[in-house]
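Coordinate analysis (summary)
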Amino acid sequence: MERTSLMDFVEEILAGKVFAISKMISLVERRDPKAFNAMKQLYGKCGRAHIIGVTGPPGAGKSCLVAALVRQFRKKGLSVGVLAVDPSSPFTGGAVLGDRARMEEFSSDPEVFIRSLATRGSVGGLSEAVNGAVDIFDAAGKDIILIETVGVGQNEIDIVNLAHTVVLALVPGYGDWLQAMKAGIMEVGDILVVNKADQPGAGSLLNELCLMPGKTMARDILDNADVRMETWRVPVGLTTAIKGEGTADLASIISMHFQFLKIGNGLSEKNRERRINQFLDLLSKRMREEFVRHYQTDPALRGWIEKIKNLKLDPYQASEQVIDFIVEAREGKIRNKRPTNKKENNQ
Amino acid sequence: MADQPIKVLLAKKKIDVHGRGSKLIARELRDAGMEVVYFRFGTVDDIINAAIQENVDVIGVSIMTSGHLPIAEKLIAGLKKNGMNEVLLIMGGVIPEVDFKALQEIGIHKVFLPGLPGETVAEYIKENVGKARLN
Amino acid sequence: MINENFQKAKAAWEKGRQRYADKIKPKKNLSGIDIKSVYTPEDIEGLDLATMPGVYPYTRALYPDGYALTPWMQQMVFGYGTCEETRVKMENLVAQGMEGYFGHKVFNIVYDIPSMYGIDADHPEAEGNVGQCGVHLSTVEDYDEIIRDWDMETTNFSLITGDNCLPGLALIAAAAKRRGKKIDVLHGNSMNWYPRIAVQDIPSWEPKYGYAMMADLIKFCTNSVPAWNTTNIFMYGLSECGATPVQELAYGLAWGKSVIDAGKAAGLEPDSFVGRLGFQIGIQMNLFEEVAKLRAHRKMWAKVTRDAGCSKSQCMHARVHIHTSGNVLTAQQPLNNTARITLQILAAVLGGVQSIHSCSYDETIGIPTELSHRTALRSQQIIMWESGLKEVADPLAGSYYVEWLTDQMEKEGWKIFNELEARGGYMKGLEDGSIKRDIDNSAYETKIKIKTGKQPVVGLNRYVMDEKEEHQPFRVDYAIEKKAIERLRAFRAKRNGKDVESALENVKNACQKLKDGEGQLMPVLVDAAEKGVTNGEMMEVMKRAFNWVVTE
């Protein structure tokens, strides 16, 4: 992209133009090299938005919960970006992205931008695209960014790295899942929500969760807490998202958490964690891509790779050699040299 | 860069009933490796907004209780106005074959009869996506 | 002696087919039951076939002589435009000989989508949809045009509403009252089919309110409109969404049971209301599977109702209206559909149902033309008068295949029914989306079978032709919308604004009381209808009270 059209494009995004934002997200999704330059420009304008992750097992009613939260935040006059993430089929690569259907009521609200994303085989579940999309929304001026994901396995860790506030939605009847995830729940979830509160078992699930260490009744936080508190006790509350019940309180608690993070060191800590993880993720992906690109076009490198494939060179040594090569290059020791099979030669 | 999945918006007109057909197409397009934003019901404006926010390659509208001609006109006019000029437009459902030509003249790229296997739709999309222009 | 002869015949049969026997394998029918190529007395050994038509459990027929007393009702669905156009259509169909029991009139009126959703003609969302696939009925005057001059004692009005069931009944009751009639003279059907939401992705009431309103309508009719059929257990909706015949059977029975439970919970005695529940069932293409399904259905419903506390025979009757499946018709070579529809009617008649709507051959293209509508009606009339089929009750009884298959459908049906009941029944299945998932999966499997040719469909995966279809559909002029809006505006101008306001306030309060488990909504709606409140205005208040959303 030429410099001027790139700047125009970036300006449009910063001005909140819908199609520009949308196209930018697509570029990031496609890992289009054009995206990189634009992202570099946008990066400086990030940092205002409150990034909220909503996760939980399938059937927890996350889409309804997110829709209800959008409604609440809009009532406060905040502009909202929603990223609805659904898994891609590992077999076909396709996906059905159905979360948008729950948010029909915002179709004509210009301050609500909803984007559906598929994980596209991203190891860990949350794609690099989501990270980029968050920055794009942030730069475009969204006050609130809601990320809806499926909480299965690795996803939870990813969302913890990305979001400022993680809302974990559970429903009665997920006893087994709860048991399996119990260890994970300790770390995931700044706020726990028992959704579908009108169903039997909701009350007892609420009680069970409140008894866990570090957790407390949502009412406690709403009524008594001071955002200047030292530690955040995880509030557990009830909602019936499909009716909107309990969601005004949830939105308030979410805002309180953001305040808490800002006043303490929490926010900067999270941002630091996020950026370093983002960097490492980008780095490992790009390194891999670059390497693959190189050995596909460089015959000498290809020959070296063939050795690995023919079981003549083990992957452990091979990776060590590449690392050594880079370290030596950094130390200015290498000029026009290919990584060699040193040990083999010496034998 | 690997082949990017084709992104499709599947919508039914608001107000309508009978979603069996488009629900199945959504599944079949997913089986064919596409990303399908399954929108359920929307007015033409809703559909346009969604298409732009999602930056889809294809918009598929399912119509079971008539209105295909006025909807097609409104949809194309709205897309052009918003600058979305390169999207593939398809329609399906209870649409009489005698109206296919009129729809194509308005600018719908392809109209499908009911009951066809999803592969037919998927193949058409794969062959024509990226070449589509709104006239 | 008989057994000896049979064994001899069987041995000879086995010998005769030895050469190719291994090439003939049982084939699964649509319900997944393996079907052999030949059935014998051995297949029905042990089955209880000592039943008669008109005798519990009514497997063979509801009435002792089947159709010999009076044939099934020809109950063709119709409706488009405003009440004026539909009125003309009503008179036309009567002129074409469409009739119910004993020559009574029966009208099966379908509403347009805006009316179904509770949206009046002048609402922005109605644009482009008014009168298009049904008739727009929103005021008591519209309903008056529908009932005008028909003899109420011998005319049956079946109102195919959407979720506006209660307003629909209220408005026709108000129209009757305006003509000086007492509402207990009303004969007809309310759909009262909220539970169809289990398989539809459209917005509707919150489940517990949907059920509360169903019970409210049933209670109202039990007390004040005793000849009105309160509920349509819409099994057809399940099969059109993809349910196999046995799933349709099982989920239909579970649906019916959930309605009985709701009525009982509302304080009604089973014998007082179960007799006014009815079924609407689909017919797909496997002829004997459908006949067996219908026979099993009668037997199973008799048991369900008796177990629920019914003692009167009418209350244990499964009264069935058939709507031949539209989904199996093709857009390719539409005239082929006449053969399909004929077979579907045949299956229904062999199954001994009470009334039939037969689809038109251009079903996949648009709403029926005069010709296609008439042809569908004539198909029924030919079978009724020329084929001799109505002279004998349950003619397939005793058939080794049909009796065996009836038993199989019953067994497989109970499996699905019992599993759902153990999990909490139909309402639970609606709330957690399990019924929808099950049926969606069947739809998907069916599509794959058709795609691979395992399930042949002539014109679609066999004998495919490249012809362009020149059939002109029936088109409803969009100008009708303007007429409907003007009519509505004129009506509103005439009303007493204060009466309307207070009536709406009453509706709002009645809704709240219903939510609290007290009072009745229907009488308040009837009163509102009399004061000039429209379908859309009633529905708006109700939507706010009862949460209008899309379930899982």
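Thoughts on the overall build of chain B
Within chain B, the secondary structure is distributed over 5 helices and 5 strands. Relative to the compact-globule value of 14 Å for 135 residues, chain B shows a C-alpha radius of gyration of 13 Å, a close match. Counting only residues that meet the buried cut, chain B has 64% of its 135 residues in that class. Long-range pairs, those at least 24 residues apart, make up 75% of the contacts in chain B with a sequence separation of at least 6.

Brief notes about the overall build of chain C
The number of helices and strands found in chain C is 20 helices and 12 strands. Here chain C has a C-alpha radius of gyration of 24 Å; the compact-globule value for 552 residues is 24 Å, and the two agree. Principal axes of the C-alpha set define a box for chain C whose edges measure 85 × 55 × 45 Å. Counting every position in chain C, which comprises 552 residues, the buried fraction comes to 53%. Across chain C, every contact between residues at least 6 apart in sequence was considered, and the portion connecting residues at least 24 apart equals 77%.

So, the interface of chain B and chain A
Taken together, the contact between chain B and chain A spans 29 residues of the former and 26 residues of the latter. Elements with a contribution of two residues or more to the side of chain B that touches chain A: α1 (20-31), β2 (35-42) and α2 (44-54) of chain B. Here the element with the most residues in the side of chain B that touches chain A is β2 of chain B; it accounts for 8 residues.

Topic: the confidence of the model for chain C
When pLDDT is averaged across chain C, the result is 95; 99% of the residues are at 70 or more. In the model output, the complex is listed with pTM 0.88 alongside ipTM 0.92.

Looking at the pairing of β2 of chain B
Most of β2 of chain B sits inside the fold, with 8 of its 8 residues counted as buried. As defined by bridge partners, strand β3 (residues 95-97) of chain A adjoins β2 of chain B across 3 bridges and the pair is classed as parallel. Its bridge partner being in β2 of chain B, L97 of chain A is matched across the sheet by V37 of chain B. Strand direction decides the pairing type here: strand β1 (residues 7-13) of chain B and β2 of chain B, joined by 7 bridges, are parallel. Paired with K13 of chain B across the two strands is G42 of chain B, which belongs to β2 of chain B. On the question of chirality, the crossover connecting β1 of chain B to the parallel β2 of chain B by way of α1 of chain B is right-handed.

Focus: the sheet that holds strand β8 (residues 228-229) of chain C
Residue and element names in this part refer to chain C. The strand order β4-β5-β6-β7-β8 describes an open sheet built from 5 strands, whose pairing is parallel. Edge positions in the sheet fall to β4 (77-78) and β8, since each of these pairs with one other strand and no more. As defined by bridge partners, strand β5 (residues 105-110) adjoins strand β6 (residues 155-160) across 6 bridges and the pair is classed as parallel. Following the sheet pairing, N108 is matched in β6 by S158.

Some points on the environment of M103 of chain A
All names here are of chain A. Positionally, M103 belongs in the loop between β3 and β4 (112-118). Judged by the 21 C-beta atoms lying within 10 Å of it, M103 is buried. Those residues in contact with M103 that sit more than four places away from it in its chain are A67, V70, V82 and I114.

Considerations on unusual backbone geometry
Omega for the peptide link from K14 of chain B to I15 of chain B comes to -5 degrees, which places this bond in the cis form. Looking at where I15 of chain B falls in the secondary structure, it is placed in the loop between β1 and α1. Residue P57 of chain C is bonded to the preceding Y56 of chain C through a cis peptide linkage, with omega at 5 degrees. You can see P57 of chain C is positioned in the loop between α2 (41-44) and β3 (73-74). We note that R40 of chain B has phi near 70 degrees; this positive angle belongs to a residue other than glycine. On the basis of neighbour count, R40 of chain B is assigned to the buried category, with 22 C-beta atoms found within 10 Å.

Concerning the sheet that holds β2 of chain B
Here we have 6 strands laid out as an open sheet, ordered β3(A)-β2(B)-β1(B)-β3(B)-β4(B)-β5(B), and parallel in their pairing. Strands with a single pairing partner mark the edges of an open sheet, and in this sheet they are β3 of chain A together with β5 (110-112) of chain B. Neighbour to neighbour, the strand axes of the sheet diverge by 20 degrees on average, direction disregarded. Judged from the 3 bridges that link them, strand β4 (residues 88-93) of chain B and β5 of chain B form a sheet pairing that is parallel. By the bridge assignment, G92 of chain B is partnered in β5 of chain B with F112 of chain B. Lying over the sheet, α1 of chain B contacts β3 of chain A together with β1, β2, β3 (58-63) and β4 of chain B, oriented at roughly 175 degrees with respect to β1 of chain B. Set on the sheet, α2 of chain B makes contact with β1, β2 and β3 of chain B; between it and β2 of chain B the angle comes to about 160 degrees.

Some details on the nonpolar core
Membership of the largest hydrophobic core comes to 157 residues, with the highest contact counts inside it found for A170, I172, L217 and L525 of chain C. In this structure L217 of chain C touches C165, L166, L169, S190, N192, T230 and M522 of chain C, once residues within four positions along its chain are discounted. The next biggest cluster of nonpolar side chains, apart from the first, holds 139 residues, and it includes F106, I114 and V171 of chain A together with A331 of chain C.

Quick notes on the pairing of strand β2 (residues 80-86) of chain A
Residue and element names in this part refer to chain A. With 7 of 7 residues buried, β2 lies mostly within the body of the structure. The two faces of β2 match: V80, V82, A84 and D86 on one face and G81, L83 and V85 on the other face are all buried. Here β2 pairs with β4 via 7 bridges, running parallel. What sits directly across from V82, in β4, is I114. Here β2 pairs with strand β5 (residues 144-148) via 5 bridges, running parallel. Each bridged residue has a counterpart across the sheet, and for V82 the counterpart in β5 is L146.

Observations concerning helix α6 (residues 165-178) of chain C
Residue and element names in this part refer to chain C. Here α6 contains 14 residues, and its C-alpha end-to-end distance of 20 Å stays within 8% of the 20 Å for a straight helix at 1.5 Å per residue. Counting buried residues in α6 gives 12 out of 14 residues, a clear majority hidden from the surface. Those residues of α6 that fall on the buried side of the exposure criterion are C165, L166, P167, G168, L169, A170, L171, I172, A173, A174, A175 and A176. Packed against the buried residues of α6 are α5 (140-147), β6, β7 (188-190), α7 (207-224), α19 (522-530) and α20 (535-546). One or two steps after α6, the chain reaches G180, where phi turns positive at roughly 80 degrees.

Quick notes on the packing of α7 of chain C against helix α9 (residues 245-265) of chain C
All names here are of chain C. Their axes nearest at 9 Å, the elements α7 and α9 cross at an angle of 70 degrees. As judged from the angle between their axes, α7 and α9 are roughly perpendicular. Of the residues in α9, those in contact with Y211, M214, A215 and I218 of α7 are V259, A262 and G263.

The rules we used
Residues numbered from 1 in each chain as written. Chains lettered and ligands numbered in written order. Predicted model: local features only at pLDDT ≥ 70, side-chain atom pairs only at ≥ 80, totals over all residues. Helix = DSSP H or I, 4+ residues; strand = E, 2+ residues; numbered from the N terminus. Rg over C-alpha atoms; globule rule 2.2 N^0.38 Å. Buried ≥ 20, exposed ≤ 12 C-beta atoms within 10 Å, placed from the backbone. Contact = placed C-beta atoms within 7 Å. pLDDT = per-residue confidence, 0-100. Pairing = 2+ DSSP bridges. Right-handed = clockwise from strand over helix to strand, strands pointing away. Axes fitted to C-alpha atoms, helices over the stretch in contact; angles between N-to-C directions. Core = buried A, V, L, I, M, F, W, Y, C linked by C-beta atoms within 7 Å. Expected span 1.5 Å × (residues − 1). Parallel < 35°, antiparallel > 145°, perpendicular 65-115°, else oblique.

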